[in-house]
Amino acid sequence: MSDEIKETPPEEGNFLDLISMLSTSGMIHLGEIKDPITNESKVNLEGTRWSIDMLGILEKKTKANLTNEESEILANVLYNLRMKYLEALKKKEG
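Read on for an overview of the structure. In this text the structure is predicted, and so the values were computed from the model without any measurement.

Here we come to the overall build of the protein chain. Summing up its helical and strand segments, the protein chain has three helices and zero strands in all. Going from N to C terminus, the protein chain has its helices and strands arranged as α-α-α. A globule of 94 residues ought to have a C-alpha radius of gyration of about 12 Å, yet the protein chain, at 17 Å, is considerably larger. Within the span of the protein chain, comprising 94 residues, buried residues form 27% of the whole. Considering only contacts within the protein chain whose residues lie at least 6 apart along the sequence, 57% involve residues at least 24 apart. If you sum the accessible surface of the protein chain, you get close to 7,600 Å²; carbon and sulfur atoms cover 52% of it. Of the side chains in the protein chain, 12 bear a positive and 17 a negative charge, and the two mean positions are spaced by 11 Å.

Pasting the structure below:
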């Protein structure tokens, strides 16, 4: 019997996983989801803006290279994050 530890390779990521990761980051920064490290909900508009910007870059750089499903999901995620960001800005300024 060998003492060697066999590692299994991680699952291959895909484009929708990347969108999900950036969207989740944005929602954490909006305080919509508790931070998994601190277990707290805090609003960080700068962090939200970064997530939106990264998703926007993906949208521009992948234009015409996505499936219809990927394109629709990315557009919906961006729209929802932008609307929630604007709501949070109004609350902060109000």
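This is not the end of the story, as more comes after the structure.
Moving on, we come to the pattern of salt bridges. Considering all chains together, one arrives at three salt bridges under this definition. Between Glu 40 and Lys 42 there is a salt bridge, with the nearest N and O atoms lying 3.6 Å from each other. Residue classification places Lys 42 among the exposed residues on the basis of a relative accessible area of 57%. Residues Asp 53 and Arg 49 are paired through a salt bridge, measuring 2.9 Å at the closest nitrogen-oxygen approach. Within this pair, Asp 53 and its partner Arg 49 are both found in helix 2 (residues 45-61), separated by four residues, close to a single helical turn. The class for Asp 53 is partly exposed, based on a relative accessible area of 32%. Overall, the relative accessible area of 31% leaves Arg 49 in the partly exposed class.

Attention now goes to the packing of helix 2 against helix 3 (residues 68-93). Running from amino to carboxyl end, helix 2 crosses helix 3 at an angle of 155°, the nearest separation of the two axes being 10 Å. Considering the angle they form, helix 2 stands roughly antiparallel to helix 3. The interaxial crossing formed by helix 2 with helix 3 has left-handed handedness. Between helix 2, through Leu 45, Thr 48, Arg 49, Ile 52, Leu 55, Gly 56, Leu 58 and Glu 59, and helix 3, the contact on the second element is made entirely by Leu 74, Ala 75, Val 77, Leu 78, Leu 81, Arg 82, Tyr 85, Ala 88, Leu 89 and Lys 92. Classifying every residue of the contact of helix 2 with helix 3 gives twelve nonpolar, two polar and four charged.

Reading guide: rules and limits
Residues numbered from 1 in each chain as written. Predicted model: local features only at pLDDT ≥ 70, side-chain atom pairs only at ≥ 80, totals over all residues. Heavy atoms only, no water. Helix = DSSP H or I, 4+ residues; strand = E, 2+ residues; numbered from the N terminus. Rg over C-alpha atoms; globule rule 2.2 N^0.38 Å. Buried < 20%, exposed > 50% of the residue type's maximum accessible area, 1.4 Å probe, protein only. Contact = heavy atoms within 4.5 Å. Areas by Shrake-Rupley, 256 points an atom, 1.4 Å probe, with all protein chains shown as cover. Lys, Arg positive; Asp, Glu negative; His and termini not counted. Charge placed at Lys NZ, Arg CZ, Asp CG, Glu CD. Salt bridge = Lys/Arg side-chain N within 4 Å of Asp/Glu carboxyl O. Axes fitted to C-alpha atoms, helices over the stretch in contact; angles between N-to-C directions. Parallel < 35°, antiparallel > 145°, perpendicular 65-115°, else oblique. Left-handed = near helix turned anticlockwise from the far one by under 90°. Nonpolar A, V, L, I, M, F, W, Y, C, P; charged D, E, K, R; others polar.

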